[in-house]
Amino acid sequence: MSGDITVYDDEKTREDIAAVASREPEFAAAAAKIFAEVKAEAAGHVRTGRFLSKITMHQEKVDWHIEIDDLDYDWNSEMGHYAGKRGKPGRKWVKGTGVFRNVVSRHGGF
């Protein structure tokens, strides 16, 4: 029938729509707001400044990424770790900072 509208709901179409939306200033502003929250959350855990200084934000093809890269203890700092030698007395669990998890949680994530 003439005048029918065809809607394409596939991965390519959704990616194209996201790419257009990602160029909107509001999208970048929302990412910058979350980035500032992550940095503020991390600021409370500064001893040397290395962890805080390694938090970066950059845009991939569509999405913005806030991450820590090139730091050998980033996972341990975020998630927690054992301190002390395995099998030795005194080994204990050190709770992680939860910097990223806390921000995600405040915005409805898990």
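Residues numbered from 1 in each chain as written. Predicted model: local features only at pLDDT ≥ 70, side-chain atom pairs only at ≥ 80, totals over all residues. Heavy atoms only, no water.

Asks: Can you tell me about the pattern of salt bridges, naming the residues and giving the values?
Replies: Counted under the stated rule, the structure contains 8 salt bridges. Here glutamate 15 makes a salt bridge to lysine 61, at a shortest N to O gap of 2.6 Å. Remark: lysine 61 occurs in the loop between strand S1 (55-59) and strand S2 (64-68) and glutamate 15 occurs in helix H1 (residues 11-22); sequence separation between them is 46 residues. The shortest N-O distance in the salt bridge between arginine 106 and glutamate 41 comes to 3.0 Å. With a gap of 65 residues between them, arginine 106 in helix H5 (residues 99-106) and glutamate 41 in helix H2 (residues 25-43) connect regions that are remote in the sequence. (Salt bridge = Lys/Arg side-chain N within 4 Å of Asp/Glu carboxyl O. Helix = DSSP H or I, 4+ residues; strand = E, 2+ residues; numbered from the N terminus.)

Asks: Report on the packing of aromatic side chains, specifying residues and quantitative values.
Replies: Applying the stated rule across the entire model yields 1 aromatic pair. Between tyrosine 82 and tryptophan 93, the ring centres sit 5.0 Å apart and the planes meet at 75°, which makes this aromatic pair edge-to-face. Note that tyrosine 82 is positioned in strand S3 (residues 80-83) and tryptophan 93 in strand S4 (residues 92-95), a separation of 11 residues in sequence. Take tryptophan 93: its relative accessible area is 47%, and that puts it in the partly exposed class. (Phe/Tyr/Trp six-rings, centres within 6.5 Å; stacked < 30°, edge-to-face > 60°. Buried < 20%, exposed > 50% of the residue type's maximum accessible area, 1.4 Å probe, protein only.)

Asks: So what about the nonpolar core? Which residues, and what values?
Replies: Val38, Ala42, Phe51, Ile55, Ile68, Leu71, Val99, Phe100 and Val103 together form the largest nonpolar core, which totals 9 residues. Broken down by element, the residue count for this core peaks at 3 residues, all from H5. Phenylalanine 51 has contacts with Ala42, Ile68, Leu71, Tyr73, Asp74, Ser77 and Val99, leaving out every residue within four places of it along the chain. (Core = buried A, V, L, I, M, F, W, Y, C linked by side-chain atoms within 4.5 Å. Contact = heavy atoms within 4.5 Å.)

Asks: Break down the side chain of serine 22 for me, citing the residues and quoting the values.
Replies: Position of serine 22 among the secondary structure elements: in helix H1. Given the relative accessible area of 5%, serine 22 is considered buried. Among the polar contacts listed, one links the side chain of serine 22 to the backbone oxygen of alanine 19, at a separation of 2.8 Å. With sequence-adjacent residues up to four places away left out, serine 22 is seen in contact with Phe27, Gln59, Val62 and Trp64. (Polar contact = N/O pair within 3.5 Å; in protein donor to acceptor, adjacent residues only side chain to side chain.)

Asks: Can you break down H5 residue by residue, with the values?
Replies: Looking only at H5, the buried set comprises Val99, Phe100 and Val103. Buried positions in H5, seen along its axis, are confined to an arc of 95° and lie on one side of it. Against the buried residues of H5 lie H2, helix H3 (50-53), S1, S2 and helix H4 (74-79). Just beyond H5, the residue with positive phi is glycine 108, at close to 90°. (Arc of directions from axis to C-beta.)

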